[in-house]
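Structural description and commentary
The residues making up each chain are set out below.
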Amino acid sequence: MTHINPLEVFGDSLLDVQNPLRYLGGEYGQTVKNDDIPFTFIMAFPDLYEIGMSNQAVHILYNGLNKSSRIRCERVFTPDTDFEQLLKEKNVGLFSLETGIPIKEADCIGFSIGYELGLTGVFTILESGQIPALKKERDDSHPILIAGGCGVTNPAPFTDFLDAVFIGEAEDEFYKLFEELAQKKQEGYSKKELLRLLSENKHVWVPGKKAEKAFDKQFGQYLPEKNFYPVPTIKPVQNHGVIEIMRGCPNGCRFCHAGIYYRPQRVKNPKFILQEAEALVKEGGFREISLTSLSSGDFPYIDRLLDILTKKFSSANVSFQLPSLKVNSFTLPLLEKISEVRKSGLTFAVETPSEAWQLSVNKEVYTTKLVEIIEEAKKRGWNKAKFYFMIGLPPANDERHKSKQNNPKTEEQEIVDFLLEIQERTHIQCSVNVGTFIPKPHTPYERVRQLTMEESRQKMDFIHKSLPRGRFKVSTHDEFVSFVEGIISRGDKRSGHLFYSAFKKGCRLDAWEDHMRKDLWEEAIKESDWNVEQEVTRERGDEEILPWNDISLGAGPVFFKREFQKSVNQEMTSPCSEHCKAPCGVCNVQKNIHVNTGKTEEEFDTLPEELKNSCITTIPIRENNIPLLYRVIFSFRKSNEAQFVPHLAMQEMLHKTFLRAELPVIFTDGFNPVPRMELATCLSLGIESLDEIGSCLLRTEVSQYDFQERMNKFLPKNFEINKCIIYPVTRKKKRVSLATQLYGSRYIYNFTDKYKKKADDFFKSDNFKGLKDKYGIQESRQDEGIYSVEASFQGDRPLRDAIADFFGNKIHKVIHIKKIKTLAKNEHGEALDYFDRFSYLASLHNVYLAKAYKELEIFDAES
């Protein structure tokens, strides 16, 4: 097995790439296995690292597969265009984060596809990994390609690209399947034999075969793996811990694909929720946690759960968010509880404003209820609310629906009137997000027409123009992007090839506004031999065989037809329950698939007291009213991949490490307290350091050995505490900051091969001599092209700029810089070791403390 070391392969070129840490791994909690593991599985996410590491499915699959002794699971994400180009220039294939395995050498690559636009990301990963995208061009030397997730329940567009598609939830069935594949590979099975075994599984789709959804039948009845690992070092889009408190949604919104995909509703035992929360805080270092599901307000006794969680963790300033609350489950006591620690956003997914249309889509949002919630929220400090709407839903656009209605208004006028009324009655600042409805497979609306781009544009323009800017901030989802999503949502094989054509023209990361190339998409669409817009937007006939006909998610055509007719008649369907009166076909007693709301009240009543009580020793105490604190001055090294960790990301990483190490750190004041920490310098990206200086405050004394050992146990790879001193301080005497004592740094400047021979010319130049005289820079030649340089903080940047100007190139192309020492200064401005300086300052503080406490008769001066 080959292993690519990106630092060796790419060198200083990594600094030409945005966020190079995306491709380097090394996070806390990653799993690294040896080459003797028989089966290598690459967990691939078809978007950037920051999106992929926010995706819970990636964490679930990664940790679940790595439980097996036969499987090594490593990660890869879609490279941004700059790194994709760098891979081509170096003729290096895309590789995994953990150990640098070229993905083309893996046994299997599994793509987690949650949305339609991920397909170009799949193509980018394959081409960057030097793997043919077309199935007919691959042979036995290439890995098996499989995909799963919400985005592939219509697998037709993927027919000519993927080997197989797994339908349903990974827990249990997917792990069993790949455990068997790993065992057979160990026994000598060929790729062809493994593919045959794969295709025989009832949950796996291959062309010409039916597949049925896999269910995690025991969801909520066991403690999951620590699915927060690995903890990202650079900030992901969703930068908080996640607990899935419920899977499936009972409400049955008729436009919602996820509502069908994740049926039936299954509730997690509160005991396991509390245990997961403990692990997220103590082992992950998180202080913001989302309690996720498709409709978290429908968790039985959600207010009781929040009450226990906030009491258990409020002393540690841990906040809990409920990101998916429907308006009718948004109670005032619930609002009170989620506002106790830290206020998250106030968000309402209204979708469609007319109450008659809400009956059609099976989602009620009463205006009076909404006003009541907003007015109460304003009393508790909220001043903004966000509203989500969709245009193009059938109740306002489908002729069968409109024939049963007596509503002369257009949906865009209804949205505007609804928002103006809400704002008039509550005076809250409104953020409004409007998107185009895209009909999804496996839903009651799977056959309806989609709005044309022109129709969407006209409706959104009307909403923009009709809402006053001072009171409303309106954002709309680009109608062209929605159209592209529609190409693949209900598409056949042709749509997959259209995506591939657009990819070959240069389309990448299409969900990102700054990457979307509308011109190239239009070119690919124009060159297609079929009428793309007509096919995307047309209504599907009742008898038409749909491309996803071979896939069963449990709910069948009879259910969808019945629900569509109820939509036309403006009839609600009651929520899913254990005694369902309108079965959809998902629940199957014989297969042990059923709604499970648990014995929730009993489970709450029998929770052990030790589980309900706080387990956190790192309580975020402010320094107010604490007479004696302990200041830690510490030195740490950041080497190899760690040199590419941005400064703010490094600060947050250290904050999480303090929490994981359960150190008694003092926190800042303010709305969102964090550990009170200071770093002496802000080091440029790409510079290794043997001696970064930091400082924090503790409320109780910890030995120097204990501080160093606990921090090093929980720091990510390539970070290490070298040394520390700890001394008592008091608020009555002002503390000296690290920054005010900074002199500068000592470096090794190693000139690259291209400039080695001319290095001496720079240090002999008048330009350098002028800098030397002005800033007191000291240099010492170690070898050809290698210099030891000591520069003050004021002279550091001018020196590097002068070197770049002298050689006419970027500084990282001219020299490799390693910091050897961070230097403090004494009263005379002379450089000295930080620990020497702060040991002296500590002695002065100790004298002050001795005098102060002698006067208070707390203890004598000698002690």
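Residues numbered from 1 in each chain as written. Predicted model: local features only at pLDDT ≥ 70, side-chain atom pairs only at ≥ 80, totals over all residues. Heavy atoms only, no water.

So, the packing of helix α25 (residues 647-660) against helix α26 (residues 704-714)
The line we're drawing: Throughout, an axis means a line fitted to C-alpha atoms (over the contacting stretch in the case of helices), and angles, computed between N-to-C directions, take values from 0 to 180 degrees. Every helix listed is a DSSP run of H or I at least four residues long, and every strand listed is a run of E at least two residues long, numbered separately from the N terminus. In this scheme the handedness of a crossing depends on how the near helix is turned from the far one: anticlockwise by less than a right angle means left-handed, clockwise means right-handed. By definition in these notes, contact holds between two residues if any of their heavy atoms fall within 4.5 Å. Under the grouping applied here, Gly and all other residues not named as nonpolar or charged are polar, the nonpolar ones being Ala, Val, Leu, Ile, Met, Phe, Trp, Tyr, Cys and Pro and the charged ones Asp, Glu, Lys and Arg.
At their nearest, the axes of α25 and α26 sit 9 Å apart, and the two run at 115° to each other. Between α25 and α26 lies a crossing of right-handed hand. Taken together, the residues of α26 that come into contact with α25 (itself represented by Leu654, Thr657, Phe658 and Arg660) are Phe707, Met711 and Phe714. Taken together, the residues of the contact of α25 with α26 break down into five nonpolar, one polar and one charged.

Details of the pairing of strand β1 (residues 39-45)
Test applied: Relative accessibility thresholds used throughout: buried, under 20% of the residue-type maximum; exposed, over 50%; partly exposed, between the two (1.4 Å probe, protein chains only). The criterion for strand pairing is that DSSP finds at least two bridges linking the strands in question.
Burial analysis of β1 places seven of its seven residues in the buried class, which makes it a mostly covered element. The alternating pattern of β1 places Phe39, Phe41, Met43 and Phe45 on one face and Thr40, Ile42 and Ala44 on the opposite face, and all of these are buried. Both β1 and strand β2 (residues 71-77) contribute to a ladder of seven bridges, which runs parallel. Residue pairing in the sheet places phenylalanine 39 in a bridge with isoleucine 71 of β2. In the sheet, β1 pairs with strand β3 (residues 108-112) via four bridges, with the strands oriented parallel. Of the residues in β3, the one forming a bridge with alanine 44 is phenylalanine 111.

With respect to the confidence of the model for the protein
Stated precisely, the cut-off is as follows: On a range of 0 to 100, pLDDT expresses the predictor's confidence in each residue.
Put simply, the protein has an average pLDDT of 91, and 96% of its residues get 70 or more. Overall, residues 856-863 carries pLDDT values under 50, and its contacts beyond four positions in sequence, including any with other chains, amount to five contacts.

Description of the packing of helix α4 (residues 81-90) against helix α5 (residues 118-128)
Stated precisely, the cut-off is as follows: If an angle is under 35 degrees, it is roughly parallel; if it is over 145, roughly antiparallel; if it lies from 65 to 115, roughly perpendicular; otherwise it is oblique.
Contact pair α4 / α5: the axes reach a minimum separation of 10 Å and the direction vectors enclose 25°. Judged by the inter-axis angle, α4 sits roughly parallel to α5. Regarding α4 and α5, the two cross each other, and that crossing is left-handed. Listed contacts from α5 to Glu84, Leu87 and Lys88 of α4 are Thr124, Glu127 and Ser128. Across the contact of α4 with α5, the residue classes tally to one nonpolar, two polar and three charged.

Some points on the layout of surface pockets
The criterion, for reference: Here a cavity denotes grid points, spaced 1 Å and computed from the protein atoms alone, that fit a 1.4 Å probe unable to get out, and a pocket denotes an open set having protein on both sides within 12 Å along at least 5 of 7 lines; residues with an atom within 4 Å of a point are the lining. Grid points are joined across faces, edges and corners, and a volume is the space filled by probe spheres set on the points.
Estimated volume of the second largest pocket: approximately 530 Å³. Every residue lining the second largest pocket is counted, 23 residues in all, and those nearest its centre are Gln643, Gly686, Ile815, His816 and Ile817. Counting residues per element, the ones that place at least two in the lining of the second largest pocket are β22 (742-751), α29 (793-807), α30 (811-814) and β25 (815-825). Here the lining of the second largest pocket takes four residues from β25, the largest share from any one element. For the lining of the second largest pocket, the per-class residue count stands at 10 nonpolar, eight polar and five charged.

A look at helix α16 (residues 411-426)
Because an α-helix completes one turn every 3.6 residues, residues spaced three or four positions apart along the sequence face the same direction. Where we set the bar: Each residue after the first adds 1.5 Å to the expected span of a helix.
Taking 1.5 Å per residue as the helical rise, α16 with its 16 residues ought to reach 22 Å, and the 23 Å between its terminal C-alpha atoms agrees with that figure. Looking one or two places after α16, you find histidine 427, whose phi comes out positive at around 60°.

A short note on the nonpolar core
Rule in force here: Definition of nonpolar core: a set of buried residues of the types Ala, Val, Leu, Ile, Met, Phe, Trp, Tyr and Cys, connected through side-chain atoms within 4.5 Å.
Formed by 202 residues in total, the largest nonpolar core has its most connected members in Phe111, Phe178, Phe348, Phe387 and Phe707. Filtering out sequence-adjacent residues up to four positions away, phenylalanine 387 remains in contact with Phe348, Val350, Leu370, Ile374, Leu419, Ile422, Cys430, Ser431, Val432 and Asn433. Core analysis: the next-biggest nonpolar cluster, separate from the first, contains 22 residues, Ala759, Phe763, Tyr787 and Ala791 among them.

Quick look at the packing of aromatic side chains
In plain terms, the rule: Each aromatic pair joins two rings of Phe, Tyr and Trp (for Trp, the six-membered one) with centres within 6.5 Å, and gets the label stacked for planes under 30 degrees apart, edge-to-face for over 60, and tilted for any other angle.
Evaluated as defined, the whole model comprises 43 aromatic pairs. Where tyrosine 445 meets phenylalanine 564, the ring centres are 6.2 Å apart and the plane angle is 90°; that geometry is what we call edge-to-face. Taken together, the residues tyrosine 445 in the loop between β15 (429-436) and α17 (453-466) and phenylalanine 564 in helix α22 (residues 557-568) connect sequence positions 119 residues apart. Residue tyrosine 445 shares its accessibility class with phenylalanine 564, and that shared class is buried. Here the aromatic rings of phenylalanine 634 and phenylalanine 707 are separated by 5.8 Å at their centres, their planes lie at 45°, and the arrangement is tilted. With a gap of 73 residues between them, phenylalanine 634 in strand β18 (residues 629-638) and phenylalanine 707 in helix α26 connect regions that are remote in the sequence.

Digging into the side chain of asparagine 397
Threshold: Here a polar contact is taken to be a pair of N or O atoms separated by no more than 3.5 Å, where protein atoms must pair a possible hydrogen donor with a possible acceptor and residues adjacent in sequence count only if both atoms sit in side chains.
One can find asparagine 397 in helix α14 (residues 394-397). Among the residues examined, asparagine 397 registers a relative accessible area of 14% and is labelled buried. Side chain to side chain, asparagine 397 and glutamate 411 meet in a polar contact 2.9 Å long. The contact partners of asparagine 397, leaving out residues within four places of it in the chain, are Gly392, Lys402, Glu411, Arg449, Leu451 and Lys459.

Considerations on the side chain of arginine 800
Residue placement: arginine 800 occurs in helix α29. A polar contact of 3.3 Å, which involves the side chain of arginine 800, links it to the side chain of serine 684. Reaching out from arginine 800, the side chain makes a polar contact with the side chain of aspartate 796 at a distance of 3.1 Å. Leaving out residues up to four positions away in the same chain, arginine 800 has contacts with Ser684, Ile687, Tyr747, Tyr749, Ile811 and Ile817.

What about empty space enclosed by the protein?
Per the counting criterion, the structure on display carries 10 cavities of 30 Å³ or more. In this structure, the largest cavity spans a volume of roughly 150 Å³. Residue lining of the largest cavity: 16 residues in total, with Met53, His59, His240, Val242 and Phe286 positioned closest to the centre. Secondary-structure elements contributing two or more residues to the lining of the largest cavity are α3 (56-65) and β8 (241-244). Here the lining of the largest cavity is built from residues that sort into eight nonpolar, eight polar and no charged. Volume-wise, the second largest cavity comes out at about 110 Å³. Lining the second largest cavity are 13 residues, and of these Val231, Pro232, Thr233, Met653 and Lys656 lie nearest its centre. Its residues assigned to classes, the lining of the second largest cavity comprises seven nonpolar, two polar and four charged.

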